[in-house]
Amino acid sequence: MPETISSSIANFRPELALALTFIAAMIMEFAARGKGRLTGAVVLAGFAVALALMPFSPAGPERIFSGMIALDPFSVFFKYFVIVTGIVIVLFSFQSQELRRDAPRIGEYFCFIAALTFGMTLMAGAANLLMIYIAIELVGISSYILAGFTKSVRRSSEAALKYVLYGAVSSGLMLYGMSLIFGLMGSLDLVRIHDVLARGHAITTGWSFATMMIGVVLILAGLGYKISAVPFHFWTPDVYEGAPITITAFLAVASKAAGFAVLIRFFTVMFFDMYTTANVRASFSGVNWNLVLAVLSVATMTVGNFIAVWQDNLKRMLAYSSIAHAGYLLMGVVVSSDSGIAAVLLYFIMYFFMNLGAFYVVMAVADKIGSEHIDDYRGFGKRAPTVGVGFAIFLISLTGLPPTGGFVGKLILFSAVVDSPFLWLAVVAVLNTVVSLYYYARVLRNMYLREPLDGDISPIRFRPAVVVTVVLFIIPNILFGLYFEPLVKWTQASVAMLLPGA
Amino acid sequence: MSYPDVLFYVFAALAAVSALVVVFARNVVYAAFSLLFTFLGVAGIYVLLHADFLAVAQIMIYIGGILVLLIFGVMLTTRVTNVDLPGGVLKTMPATIVSGILLGTLLRLVTRASWFVEPELPSPEGTTAAIGDRLVTTHLLPFEVAGILLLVTIMGAALIARTNGRRRDA
């Protein structure tokens, strides 16, 4: 064992800071009952400390805690992503009126945000099936609780219940799949499993092979549930609609990113041949996993986009749109070359700005007019010019039109796919983008071209903090649409992963 | 058949038959009690597999803790004891076909696949010491994270179950 526990802990400081944040927040909650916002401040401070510790933790690639966690630029990227999203969500939560109704319990809400963020940083680095499972459970259980946090609201409780049921089934399936893989390989370590497979053991033929297939498909079901890929997406609309909107945003952005981190690591480390030079990493173990993922990707984006067309509740529409985005992102995993994975990372950065921005506006509007219905957005562009323009930009960015960040994300992702043998996949994705334009534009039409139903055209005044936040989200959406060189460089440097033989 | 083989079939039959009762019993109390024998049968199989620590943990946690709580829960909830559970009203035919195919496939997998075989069996002295050793060395991190996971779960259960003092329905 080259690394010791103490050296592992030294390389684990950001995660440790998050775990301690959770504990500190809990103690704070006991010590100062009813002062929930103070707990929120503790969590915020803890996240800031974790973020500050990130540059001091080495980017490896190396394995810590006996191979449980991989330290590599890939996990570092996702840790930054998750922690920054956590900070943004805590700041959103301070502003949310929806949560104010449950103000006496808000302290616990922040505790769970800390636990959820901790779990997601573990997912980013987990390199052992056991660790992957525990990290996913930690994230899952924290999110069930948070989805049902506003329990005086009926649909929030309903969301939590559905989430628990789907979550329990999918994690049961995943665990069964992991047990099959363990039974065949005698190891839970991804790298060691790769080595067994690469030796071309008896495992790659006959019934053993079928067993492995079923195991991987079951694990894929668990991971697909986390990233809300079709056909494991049924929970998404109800949970996204029912959960407090801050949590919806958190799940749609950070939880999805953590799920992708695990998915990419799982397939890349276990099944893809590192030494192919083509623009696509082929899987070597007899199954064309690229094709399986491609089918999943097409189903996900198509179902997401087509059902989004019928949605009148904006939270629900954004839920389906996030399913569709998971489909686009899966294309990068299909290709799985360095450029494909870099494109996924870049897309996530853009997705962060556009999606959080959109959710923020929906939250601010719901706090103001008490509705998320598309008809209540009629004339919104005139009634609240700044926030309206912001929302329009976020929606255009989600569609992927220039000159926004969303366009750059899609451009680079699609071009990675075009360079691979999966050209047809890029064609399907472009057609899907056209469909998505319809439902995003529907909101825009209501905002700018239609009069309000009740004829009320009095301006909606938002607090300055809200306007400033919206502007802060507009800037990166436009800026990264025009100047994205550093982001591309950063993502390309972040694809290095702890691989077998390294 | 050797002596352990006979024992294996006894325990396996115990677990399987009582599991069927759990599923098919119309009375929740019968189902809960039957679960006791399922857990016991599984614990017996663990013993035969040299997993002594797991067997004891199974008995202490599942039978001693969870099951007793479950039965108490069932008994204290008076309404539940005599309720007939709905069964057989769902689409029986498709479910049977799907389950049959699944069972057939899994049985074939279990019997045909070349499973990984641990070169040496754990020593008959017991596995507890080895497990304890692993928990603070190679498996330290999952062990600690599981602790946090349980803490989160307890807090969450309390949060969900607690009434707020003042309730509002939206």
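Residues numbered from 1 in each chain as written. Chains lettered and ligands numbered in written order. Predicted model: local features only at pLDDT ≥ 70, side-chain atom pairs only at ≥ 80, totals over all residues. Heavy atoms only, no water.

Things to note about the overall build of chain B
Phase 1 of the analysis: Check the secondary structure of chain B and you find seven helices and zero strands.
Phase 2 of the analysis: What you see in chain B, going N to C, is helices and strands ordered as α-α-α-α-α-α-α.
Phase 3 of the analysis: In chain B, buried positions account for 21% of the 170 residues.
Phase 4 of the analysis: Accessible surface computed for chain B: about 12000 Å², of which carbon and sulfur atoms make up 73%. (Helix = DSSP H or I, 4+ residues; strand = E, 2+ residues; numbered from the N terminus. Buried < 20%, exposed > 50% of the residue type's maximum accessible area, 1.4 Å probe, protein only. Areas by Shrake-Rupley, 256 points an atom, 1.4 Å probe, with all protein chains shown as cover.)

Focus on the packing of aromatic side chains
All names here are of chain A.
Phase 1 of the analysis: Within the structure shown, the criterion is met by 33 aromatic pairs over all chains.
Phase 2 of the analysis: Seen in terms of ring centroids, Phe92 and Tyr360 are 4.6 Å apart; in terms of plane orientation they differ by 40°. Their pairing is tilted. Placement of Phe92 in helix H4 (residues 73–95) and of Tyr360 in helix H14 (residues 338–369) is noted, with a sequence separation of 268 residues between them.
Phase 3 of the analysis: By relative accessible area, Phe92 is classed as buried at 4%.
Phase 4 of the analysis: On the numbers, 4.8 Å between centres and 10° between planes, the contact of Tyr163 with Trp235 is stacked. (Phe/Tyr/Trp six-rings, centres within 6.5 Å; stacked < 30°, edge-to-face > 60°.)

Comments concerning the domain arrangement of chain A
All names here are of chain A.
Phase 1 of the analysis: Considered domain by domain, chain A is made up of domain 1 (14–287) and domain 2 (291–502).
Phase 2 of the analysis: A C-alpha centroid distance of 22 Å is found between domain 1 and domain 2.
Phase 3 of the analysis: On the domain 2 side, the residues contacting the 61 residues of domain 1 number 56 residues.
Phase 4 of the analysis: Between domain 1 and domain 2 lies a buried interface of about 5000 Å² when both sides are counted; carbon and sulfur atoms form 75% of it.
Phase 5 of the analysis: On the domain 1 side of the contact with domain 2, Phe77, Gln95 and Ile245 bury the most area, a combined 14% of that side's loss.
Phase 6 of the analysis: For Asp238, the salt bridge is made with Arg316, and the minimal N-O distance between the two is 3.2 Å.
Phase 7 of the analysis: There are 14 residue pairs in polar contact (both at pLDDT 80 or more) connecting domain 1 and domain 2.
Phase 8 of the analysis: Looking at the side of domain 1 that touches domain 2 element by element, the count peaks at 15 residues for helix H11 (residues 245–271). (Domains from an automatic or database assignment. Contact = heavy atoms within 4.5 Å. Buried area = accessible area lost by both parts, 1.4 Å probe. Salt bridge = Lys/Arg side-chain N within 4 Å of Asp/Glu carboxyl O. Polar contact = N/O pair within 3.5 Å; in protein donor to acceptor, adjacent residues only side chain to side chain.)

Concerning the pattern of salt bridges
Residues and elements named next belong to chain A.
Phase 1 of the analysis: Enumeration according to the criterion identifies 14 salt bridges over all chains in this entry.
Phase 2 of the analysis: Among the ionic pairs, Arg378 bridges to Asp375, the shortest N-O distance being 3.6 Å.
Phase 3 of the analysis: With a relative accessible area of 16%, Arg378 lands in the buried category.
Phase 4 of the analysis: The salt bridge partner of Glu451 is Lys382, with a shortest N-O separation of 3.6 Å. Of this pair, Glu451 sits in the loop between helix H18 (423–448) and helix H19 (464–482) while Lys382 sits in helix H15 (residues 380–383), and the two are 69 residues apart along the sequence.
Phase 5 of the analysis: Connected via shared salt-bridge partners are Arg155, Glu158, Lys162, Asp238, Glu241, Lys315, Arg316 and Glu372.

Remarks on the nonpolar core
Phase 1 of the analysis: Among the nonpolar cores identified, the biggest contains 195 residues, and Phe266 and Phe391 of chain A are the most heavily contacted of them.
Phase 2 of the analysis: Tallying contributions element by element places H14 of chain A first for this core, with 23 residues.
Phase 3 of the analysis: Built from parts of two domains, this core gets at least three residues from each of domain 1 (14–287) and domain 2 (291–502) of chain A.
Phase 4 of the analysis: In this structure Phe391 of chain A touches Leu314, Ala358, Val361, Val362, Tyr377, Val443 and Met447 of chain A, once residues within four positions along its chain are discounted.
Phase 5 of the analysis: Formed by five residues, the second largest nonpolar core is a distinct cluster that contains Ala32, Ile63, Leu67 and Ile71 of chain B. (Core = buried A, V, L, I, M, F, W, Y, C linked by side-chain atoms within 4.5 Å.)

Digging into the interface of chain B and chain A
Phase 1 of the analysis: Residue-level contacts link 34 residues of chain B with 47 residues of chain A.
Phase 2 of the analysis: The contact between chain B and chain A buries some 3600 Å² in all, and 74% of this surface belongs to carbon and sulfur atoms.
Phase 3 of the analysis: The largest per-residue losses of area from chain B upon contact with chain A belong to Leu141, Met155 and Leu159 of chain B, which jointly make up 17% of the total buried on that side.
Phase 4 of the analysis: The interface formed by chain B and chain A holds zero salt bridges in total.
Phase 5 of the analysis: Run the count over chain B and chain A and you get two residue pairs in polar contact (both at pLDDT 80 or more).
Phase 6 of the analysis: Broken down by secondary-structure element, the contributors of at least two residues to the side of chain B that touches chain A are helix H5 (92–112) and helix H7 (140–161) of chain B.
Phase 7 of the analysis: Among the elements that take part in the side of chain B that touches chain A, H7 of chain B stands out by supplying 15 residues, more than any other.

Description of unusual backbone geometry
Residues and elements named next belong to chain A.
Phase 1 of the analysis: Following Val230, the chain continues into Pro231 via a peptide bond in cis, with omega recorded as 5°.
Phase 2 of the analysis: Along the chain, Pro402 connects to Pro403 via a cis peptide bond; the corresponding omega equals 5°.
Phase 3 of the analysis: For Pro403, the location among the structural elements is in the loop between helix H16 (385–399) and helix H17 (405–418).
Phase 4 of the analysis: One non-glycine residue, Phe65, lies in positive phi territory at about 55°.
Phase 5 of the analysis: Looking at where Phe65 falls in the secondary structure, it is placed in the loop between strand S1 (62–64) and strand S2 (69–71).
Phase 6 of the analysis: A relative accessible area of 5% places Phe65 in the buried class.
Phase 7 of the analysis: The phi dihedral of Ser228 falls on the positive side, at around 50°, and the residue is not glycine.
Phase 8 of the analysis: Considering the arrangement of structural elements, one finds Ser228 in the loop between helix H9 (206–226) and helix H10 (235–242).

Details of the environment of Pro14 of chain A
Residue and element names in this part refer to chain A.
Phase 1 of the analysis: Tracing the sequence through the fold places Pro14 in helix H2 (residues 13–31).
Phase 2 of the analysis: Pro14 sits in the buried class, given a relative accessible area of 2%.
Phase 3 of the analysis: Considering only alpha carbons, one finds Pro14 and Phe56, 42 residues apart in sequence, at a separation of 9.0 Å.
Phase 4 of the analysis: Setting aside its immediate chain neighbours within four residues, Pro14 contacts Ala50, Leu53, Met54 and Ser57.

Overview of the packing of helix H7 (residues 154–185) of chain A against H9 of chain A
Residue and element names in this part refer to chain A.
Phase 1 of the analysis: The geometry of H7 relative to H9 is characterised by a closest axis approach of 7 Å and an angle of 150° between their N-to-C directions. As the angle between them shows, H7 and H9 are arranged roughly antiparallel. Along this stretch, H7 crosses H9, giving a crossing that reads as left-handed.
Phase 2 of the analysis: When the residues that make up the contact of H7 with H9 are grouped by side-chain class, the tally is 18 nonpolar, seven polar and no charged. (Axes fitted to C-alpha atoms, helices over the stretch in contact; angles between N-to-C directions. Parallel < 35°, antiparallel > 145°, perpendicular 65-115°, else oblique. Left-handed = near helix turned anticlockwise from the far one by under 90°. Nonpolar A, V, L, I, M, F, W, Y, C, P; charged D, E, K, R; others polar.)

Topic: helix H12 (residues 289–308) of chain A
Phase 1 of the analysis: Compared with the 28 Å implied by 1.5 Å per residue over 20 residues, the 28 Å span of H12 of chain A between its first and last C-alpha is a close match.
Phase 2 of the analysis: Structurally, H12 of chain A contributes buried residues whose contacts are with H9, H11, helix H13 (314–335) and H18 of chain A. (Expected span 1.5 Å × (residues − 1).)

Some details on the layout of surface pockets
All names here are of chain A.
Phase 1 of the analysis: In this structure, the second largest pocket spans a volume of roughly 270 Å³.
Phase 2 of the analysis: Taken together, 13 residues line the second largest pocket, and the ones lying closest to its centre are Glu98, Arg101, Arg155, Ala366 and Glu372.
Phase 3 of the analysis: Per-class residue counts for the lining of the second largest pocket are four nonpolar, four polar and five charged.
Phase 4 of the analysis: Counting only domains with at least three residues in the lining of the second largest pocket, you end up with domain 1 (14–287) and domain 2 (291–502). (1 Å grid on protein atoms, 1.4 Å probe; cavity = no way out; pocket = protein on both sides within 12 Å on 5 of 7 lines; lining within 4 Å. Points joined across faces, edges and corners; volume = space filled by probe spheres on them.)

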